[in-house]
Amino acid sequence: TAKTQLKKDNSPEEKQERNEAPKFRTGELDIDDKFDAKALGKKLGMTSLQKEEPVTLEVKNGDDIKLLLANYECKLVVKDDIKFIDHENTEYSIASGENKVGRGSECAVRFTDTTQRISRLHLLIKNHNNKKLELIDFSTYGTHYLLRKS
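Being a predicted model, the structure only gives us computed values, none of them experimental.

Draft legend 1. Main features of the packing of aromatic side chains. Under the criterion given, the structure shown has two aromatic pairs. On the basis of an interplanar angle of 65° and a centroid distance of 6.5 Å, the ring pair of F84 and Y92 is categorised as edge-to-face. With respect to burial, F84 and Y92 carry one shared label: buried. In this structure, R117 is placed above the aromatic ring of Y141, and the distance from its NZ or CZ to the ring centre is 4.7 Å.

Draft legend 2. Examining the environment of T143 more closely. Note that T143 resides in strand β12 (residues 143-148). Since its relative accessible area comes to 0%, T143 is described here as buried. Separated by 95 residues in sequence, T143 and S48 place their C-alpha atoms 6.1 Å apart. Excluding its chain neighbours within four sequence positions, the residues that come into contact with T143 are T47, S48, L49, L68, L69, H122, L123 and D137. There is a polar contact of 3.1 Å between the side chain of T143 and the side chain of H122.

Rules used in this analysis
Residues numbered from 1 in each chain as written. Predicted model: local features only at pLDDT ≥ 70, side-chain atom pairs only at ≥ 80, totals over all residues. Heavy atoms only, no water. Phe/Tyr/Trp six-rings, centres within 6.5 Å; stacked < 30°, edge-to-face > 60°. Buried < 20%, exposed > 50% of the residue type's maximum accessible area, 1.4 Å probe, protein only. Lys NZ or Arg CZ within 6 Å of the ring centre and 35° of its normal. Helix = DSSP H or I, 4+ residues; strand = E, 2+ residues; numbered from the N terminus. Contact = heavy atoms within 4.5 Å. Polar contact = N/O pair within 3.5 Å; in protein donor to acceptor, adjacent residues only side chain to side chain.

Printed below as a string of structure tokens:
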């Protein structure tokens, strides 16, 4: 997990592993008052979404997009359709058009985050016929992404 990755030592095996693409699994990260999503996203080679500024990604079969929503590691997987896989490995279909992610009752991907680090409307995913995804962050604690092409 990302938490483990942050604690790596300097053994030759660990140095070799750091030179490879970051390992990334879905899950919830342990956090404390000093948790910094921007620093973690940067450590994982991710790009920070700017609040309310859309980012459009062209995708094709086999691509995946790693996501860090506050302290939750998630991902989007592109196959014949697009799936959002949350921190508990629950899959949600991403329909064409707008898909809301957050704590709100109107969200297609709904989190039950008692710490409220996930916003009611955290992320909007606009699916343009499984060829382009538009990501728009509306959150307080941020969203980071890493597109991995097949």
